[in-house]
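Descriptive analysis of the structure
Chain residues, written in single-letter form:
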Amino acid sequence: MPRQLKGVEGLKIKALLKPPVLYNRYGYRIRLDVLKGAKASFGVTNAEEIAAKSGVALHTVRELFNGTQQNPQIKTLVAVCRLLGLKLDDVIEMRPEET
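Please read these numbers as outputs of a predicted model, since none were measured by experiment.

Time to look at the pattern of salt bridges. If you walk through the whole model with that rule in mind, you get five salt bridges. When the shortest N-O distance is used, the salt bridge between E48 and R62 registers 2.5 Å. Here E48, found in helix α3 (residues 47-54), pairs with R62, found in helix α4 (residues 58-66); they are 14 residues apart in sequence, far enough to count as distant. Of the residues examined, E48 reaches a relative accessible area of 39% and is grouped as partly exposed.

Here the focus is the nonpolar core. Among the nonpolar cores identified, the biggest contains 20 residues, and L35, F65, V80 and L84 are the most heavily contacted of them. Of all the elements in the fold, those that place two or more residues in this core are β1 (28-30), α2 (32-42), α3, α4 and α5 (74-84). With six residues, the single largest contributor to this core is α5.

Another point: the packing of α2 against α4. Two elements in contact, α2 and α4, have axes whose closest approach is 9 Å; the angle formed by their N-to-C orientations is 120°. Residue-level contacts link L32, L35, K36 and K39 of α2 to L64, F65 and N66 of α4. Along the lines of polarity and charge, the residues of the contact of α2 with α4 split into four nonpolar, one polar and two charged.

Attention now moves to the side chain of T76. Here T76 shows up in helix α5. Taking the relative accessible area as the measure of exposure, T76 reaches 10% and is therefore buried.

Time to look at the packing of α2 against α5. Axis separation between α2 and α5 bottoms out at 9 Å; the angle between their running directions is 40°. Between α2 and α5, the angle is such that the two are oblique. Judged by the sense of rotation from one axis to the other, the crossing of α2 with α5 is left-handed. Across the interface between the two elements, L35, A38, K39 and F42 from α2 touch V80, L83 and L84 from α5. When grouped by side-chain class, the residues that make up the contact of α2 with α5 number six nonpolar, no polar and one charged.

Turning our eyes to something else, we now look at the environment of L35. Structurally, L35 is set in helix α2. The sequence separation of L35 and F65 amounts to 30 residues, and the corresponding C-alpha distance is 7.4 Å.

Basis of the calculations
- Residues numbered from 1 in each chain as written.
- Predicted model: local features only at pLDDT ≥ 70, side-chain atom pairs only at ≥ 80, totals over all residues.
- Heavy atoms only, no water.
- Salt bridge = Lys/Arg side-chain N within 4 Å of Asp/Glu carboxyl O.
- Helix = DSSP H or I, 4+ residues; strand = E, 2+ residues; numbered from the N terminus.
- Buried < 20%, exposed > 50% of the residue type's maximum accessible area, 1.4 Å probe, protein only.
- Core = buried A, V, L, I, M, F, W, Y, C linked by side-chain atoms within 4.5 Å.
- Axes fitted to C-alpha atoms, helices over the stretch in contact; angles between N-to-C directions.
- Contact = heavy atoms within 4.5 Å.
- Nonpolar A, V, L, I, M, F, W, Y, C, P; charged D, E, K, R; others polar.
- Parallel < 35°, antiparallel > 145°, perpendicular 65-115°, else oblique.
- Left-handed = near helix turned anticlockwise from the far one by under 90°.

As structure tokens, then:
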């Protein structure tokens with residue numbers, strides 16, 4: 001079994017392994033941590049329930065929560081956010097402007 005790194009050495013490795021923040025071609029990203037947190041606090045445990053209650057296609061819900069859907073339609077986000085009690089501002093993060 002590989003040795004587990006602790007302390008500063010371990011933190012450096014974790015920082016290197018952390019994926020970069022990726023924005024889509026429109027300059028925003030979906031905050032999956034917020035969506036998943038709201039899903040958990042709302043008590044919804046599966047994509048089927050979210051799809052049925054929001055009216056969004058099941059495959060779209062799965063892709064959205066898996067992070068493979070980088071450019072969801074606004075109506076999709078609105079439907080899911082409404083169901084989970086969120087605002088669009090809660091789940092969309094704009095790319096910081098470069099100065």
